[in-house]
Amino acid sequence: MKRIMKWLLLIVLIIGAAYYWLLVDNRPGVATRTIDIAALRQAANSIGGAKPDAVAVEVISQRKLPATLMVAGGGWGDGGIAIQSFQVGSGDASVIIDSGFSRASAEGMGVDSYNEAAQMRVNAAMRRAAAIVVTHEHLDHIGGVLEAPDWKALLPKAFITREQFDHPEISQPVNWPVGSRDTFKPLNYDGVRAIAPGVVLVKAPSHTPGSQLVFVQLANGREYLFMGDISSMDRNWREMRARSRLVGDLLVDENRDAVFGWLSAFNALAVANPDLTLVPSHDGEAIARLIKAGAIRQGM
């Protein structure tokens, strides 16, 4: 009997340790980052012309998940994610941030709902837009461009970076259309790069090799930082909690140390600039609050 109890205790300890390591552990890495807001503002003013007047969002799909998957140690309450696409400005001067994905890709991810009409509006907005950028190369961000029936018209204005282009395996099971990579010219830049009046890209390899931030300064002076999946949820940067190791290490294979460095930078930036709007990529509730506050408009 004692031997059985010892084995049971050992099993419980192993299960407990695995549970803690995979779903709770949130020890930060050693990497540190800083974000120079003055440099971003200078870049935002480096291209002449009218700055964008507003930011809009389309929520394409949603999925319920335990909070602890996306926010390590965040509890077992609903921490559902939303797949979203953002429009900066309007019409043929607009910039699309993240392009959504197809119904087939959504179903492959096991989503609970998919809004076909919202994705169609994103597709229409991409056709009108001056530029399309993706915060990283996962299929729920880049898929809308690669899976679009009119991808030949969209890819020439897609500012897909060299790092995003060099890692097509990260976008799978979505693949680049046959022949599309033969002539495509990826964007090469270091540090920061303005791509339109008031719109600046910031290299941030971490969640993926091609992760980047998007800083936006509107004509009225309001400023936004789109964090991509470095901070998928609002709680990531506010509480300094990365996604769980189960998701981040095993499923996504992100650079956890680098992610923590950027989360620290977001937190410090928000403290120093309380009027800055930080936009998490998958937090539907946070986006709903921003819509209610008038910071983001619902619908493209």
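Residues numbered from 1 in each chain as written. Predicted model: local features only at pLDDT ≥ 70, side-chain atom pairs only at ≥ 80, totals over all residues. Heavy atoms only, no water.

(A) Looking closely at the nonpolar core. Phe 101, Met 126, Ile 132, Val 145, Leu 155, Ile 160 and Trp 176 are the most contacted members of the largest nonpolar core, which totals 28 residues. Elements with a contribution of two residues or more to this core: helix H5 (116-128), helix H6 (139-146) and helix H7 (151-154). The contact partners of Leu 155, leaving out residues within four places of it in the chain, are Val 145, Leu 146, Ile 160, Trp 176, Ser 180 and Phe 184. (Core = buried A, V, L, I, M, F, W, Y, C linked by side-chain atoms within 4.5 Å. Buried < 20%, exposed > 50% of the residue type's maximum accessible area, 1.4 Å probe, protein only. Helix = DSSP H or I, 4+ residues; strand = E, 2+ residues; numbered from the N terminus. Contact = heavy atoms within 4.5 Å.)

(B) Region of interest: H6. Burial analysis of H6 places 8 of its 8 residues in the buried class, the great majority of the element. For H6, the full list of buried residues reads Leu 139, Asp 140, His 141, Ile 142, Gly 143, Gly 144, Val 145 and Leu 146. Turning to H6, the residues buried within the fold contact strand S2 (81-88), helix H4 (103-108), H5, strand S5 (131-133) and H7.

(C) Structural view of the pairing of strand S9 (residues 223-226). Burial along S9 is two-sided: Glu 223 and Leu 225 facing one way and Tyr 224 and Phe 226 facing the other are all buried. Bridge count for strand S8 (residues 212-217) against S9 is 4 bridges, and the pairing is antiparallel. Looking across to S9, one finds that Val 214 is bridged to Phe 226. Where S8 folds back on S9, the antiparallel hairpin that results is connected by 5 residues, among which Gly 221 adopts a positive phi of roughly 95°. Alignment of S9 against strand S10 (residues 277-279), held across 3 bridges, turns out to be parallel. (Pairing = 2+ DSSP bridges.)

(D) Here's a closer look at the pairing of strand S6 (residues 192-196). With 4 bridges connecting them, S6 and strand S7 (residues 199-203) associate as antiparallel partners. Across the sheet, the residue bridging to Ala 196 is Val 199, located in S7. In textbook terms, the turn of a hairpin is the stretch between consecutive antiparallel strands, and for S6 and S7 this stretch comprises 2 residues, one of which, Gly 198, has a positive phi near 80°.

(E) Molecular detail of a nonpolar patch on the surface. A grouping of Tyr 19, Tyr 20 and Trp 76 is seen on the molecular surface, where their side chains present a nonpolar patch of about 370 Å² in accessible area. Tracing the backbone shows Trp 76 in the loop between helix H3 (67-70) and S2. (Patch = residues over 30% accessible without salt bridge, like charges linked within 9 Å, V, L, I, M, F, W, Y side chains within 5 Å. Areas by Shrake-Rupley, 256 points an atom, 1.4 Å probe, with all protein chains shown as cover. Salt bridge = Lys/Arg side-chain N within 4 Å of Asp/Glu carboxyl O.)

(F) Structural detail: the packing of aromatic side chains. Per the stated rule, a full pass over the model turns up 7 aromatic pairs. Ring centres of Phe 101 and Tyr 114 lie 6.2 Å apart, and the angle between their planes is 55°; on these two criteria the pair is classed as tilted. Of this pair, Phe 101 sits in the loop between strand S3 (95-97) and H4 while Tyr 114 sits in strand S4 (residues 113-114); the two residues are 13 residues apart in sequence, bridging distant segments of the chain. Residue Phe 101 shares its accessibility class with Tyr 114, and that shared class is buried. Of the aromatic side chains, those joined through ring pairs into one cluster are Phe 86, Tyr 224 and Phe 226. Stacked on the ring of Tyr 189, the Lys or Arg Lys 203 has its end atom at 5.1 Å from the ring centre. (Phe/Tyr/Trp six-rings, centres within 6.5 Å; stacked < 30°, edge-to-face > 60°. Lys NZ or Arg CZ within 6 Å of the ring centre and 35° of its normal.)

(G) Fine view of the pattern of salt bridges. The final tally for this structure, using the stated rule, is 14 salt bridges. A salt bridge links Glu 223 to Arg 41, with the shortest nitrogen-to-oxygen separation between them at 2.9 Å. Of this pair, Glu 223 sits in strand S9 while Arg 41 sits in helix H2 (residues 37-44), and the two are 182 residues apart along the sequence. Arg 103 is the partner of Glu 116 in a salt bridge, and the nearest nitrogen-oxygen pair spans 3.0 Å. Of this pair, Glu 116 sits in helix H5 while Arg 103 sits in helix H4; the two residues are 13 residues apart in sequence, bridging distant segments of the chain. With relative accessibility at 34%, the residue Arg 103 sits in the partly exposed group.

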